[in-house]
Amino acid sequence: AVNALRKSDERLSLAGKALYDVMYDWDLVSNKIYWFNKFEESLGYEEGEIDTSIDGWADLLHPEDKKKVLPQLEIDKDQGKILDYEYRMRAKDGSYRFWQERGYPQKNKKGKIVRWIGVCRDITEKKTLEEKLQHQIDIVEEAQRLANLGAYNLDFATGIWKSSDVLDNIFGIDADYNKNVEG
């Protein structure tokens, strides 16, 4: 029986690694969070270095995110909503990692929520790429504005075209204009 339990634990751990970076079980009665798949290691900490209470988790939140996430967490906890957040977590080296979390409430036989089971994914690389892309878009838009040049893209399959704000201004195209080849 012990061996079967160990194999089941191993399968769950492997499935968790394949789908998400870490999984958790937040016990509301003890206010402890049980982390799976090396939560502490993923942020550069040694095992046992992070307090396993909800306060230990909150201490790692970026100060700006803490102002938004903690009040929302209380509302969602009281209402039994699915937890669905993005926030930054402080790594041991002082840097911040972007995390995406999704947690589901679990009720006891009386219907009272006693725990949340959830998953977290490190989305730092995705966020970094999004920021770089937005920066490039901003540069192109500013260059178009300064040069008074516009751009458009025509989808030949649908006949619909999209244009930059600068091009719309040059030709006096308002937001309600039907941008298609029949236009």
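In case you missed it, the structure is sitting above this.
It should be emphasised that the depicted structure is a prediction, and the values quoted were computed from it without experimental measurement.

**Thoughts on the pairing of strand β1 (residues 22-27)**
The side chains of a regular strand alternate, first on one face of the sheet and then on the other.
Here's step 1: Where burial is concerned, most of β1 is hidden: 5 out of the 6 residues are buried.
Here's step 2: Summarising the sheet, β1 and strand β5 (residues 113-122) pair through 6 bridges and their orientation is antiparallel. Opposite Trp26, over in β5, you have Trp116 as the bridge partner.
Here's step 3: Bridge analysis of β1 against strand β2 (residues 32-36) gives 5 bridges, and the strand direction is antiparallel. The residue of β2 that forms the bridge with Asp27 is Lys32.
Here's step 4: Counting the residues that bridge the hairpin from β1 to β2 gives 4 residues, and of these Asn31 lies at a positive phi of roughly 65°.

**So, the pairing of β5**
Here's step 1: Of the strand pairs in this sheet, strand β4 (residues 96-107) and β5 are connected by 9 bridges, and their pairing is antiparallel. Across the sheet, residue Tyr104 finds its bridge partner in β5, namely Ile117.
Here's step 2: If you look at the hairpin formed by β4 and β5, you'll find 5 residues sitting between the two strands, and Gly111 has a positive phi there, around 90°.

**Section: helix α5 (residues 124-147)**
Side chains of residues three or four places apart in an α-helix project in the same direction, reflecting 3.6 residues per turn.
Here's step 1: The first and last C-alpha atoms of α5 sit 35 Å apart over 24 residues, in line with the 34 Å expected at 1.5 Å per residue.
Here's step 2: Of all the residues in α5, the buried ones are Thr124, Lys127 and Gln144.
Here's step 3: Looking at the buried side of α5, the elements it contacts are β3 (83-90), β4, β5 and α6 (165-171).
Here's step 4: Just beyond α5, the residue with positive phi is Asn148, at close to 55°.

**Re the nonpolar core**
Here's step 1: Counting residues in each nonpolar core, the largest one holds 23 residues, and the members touching the most others are Trp26, Phe39, Trp57, Tyr87, Met89 and Trp99.
Here's step 2: Residue assignment for this core shows that the elements contributing at least two residues are β1, α3 (54-59), α4 (63-79), β3 and β5.
Here's step 3: When residues of this core are assigned to their parent elements, the largest contribution, 4 residues, is made by β3.
Here's step 4: Excluding residues that lie within four positions of it along the chain, Tyr87 makes contacts with Trp57, Leu61, Asp65, Val69, Arg97, Phe98, Trp99, Glu101 and Cys120.

**Some details on the pattern of salt bridges**
Here's step 1: Per the counting criterion, the structure on display carries 12 salt bridges.
Here's step 2: The residue Arg115 makes a salt bridge to Asp25 at a minimum N-O spacing of 2.6 Å. In this pair, Arg115 sits in strand β5 while Asp25 sits in strand β1, placing the two residues 90 residues apart along the sequence.
Here's step 3: You can call Arg115 partly exposed: its relative accessible area is 34%.
Here's step 4: For Asp25, a relative accessible area of 14% gives the class buried.
Here's step 5: The partner of Glu142 in a salt bridge is Arg145, and the shortest N-O contact between them spans 2.6 Å. Here the residue Glu142 and the residue Arg145 both occupy positions in helix α5, the gap between them amounting to 3 residues, near one helical turn.
Here's step 6: Given a relative accessible area of 47%, Arg145 falls into the partly exposed group.
Here's step 7: Salt bridges sharing partners connect three or more residues here, namely Glu86, Lys126, Lys127 and Glu130.

About the thresholds
- Residues numbered from 1 in each chain as written.
- Predicted model: local features only at pLDDT ≥ 70, side-chain atom pairs only at ≥ 80, totals over all residues.
- Heavy atoms only, no water.
- Buried < 20%, exposed > 50% of the residue type's maximum accessible area, 1.4 Å probe, protein only.
- Helix = DSSP H or I, 4+ residues; strand = E, 2+ residues; numbered from the N terminus.
- Pairing = 2+ DSSP bridges.
- Expected span 1.5 Å × (residues − 1).
- Contact = heavy atoms within 4.5 Å.
- Core = buried A, V, L, I, M, F, W, Y, C linked by side-chain atoms within 4.5 Å.
- Salt bridge = Lys/Arg side-chain N within 4 Å of Asp/Glu carboxyl O.

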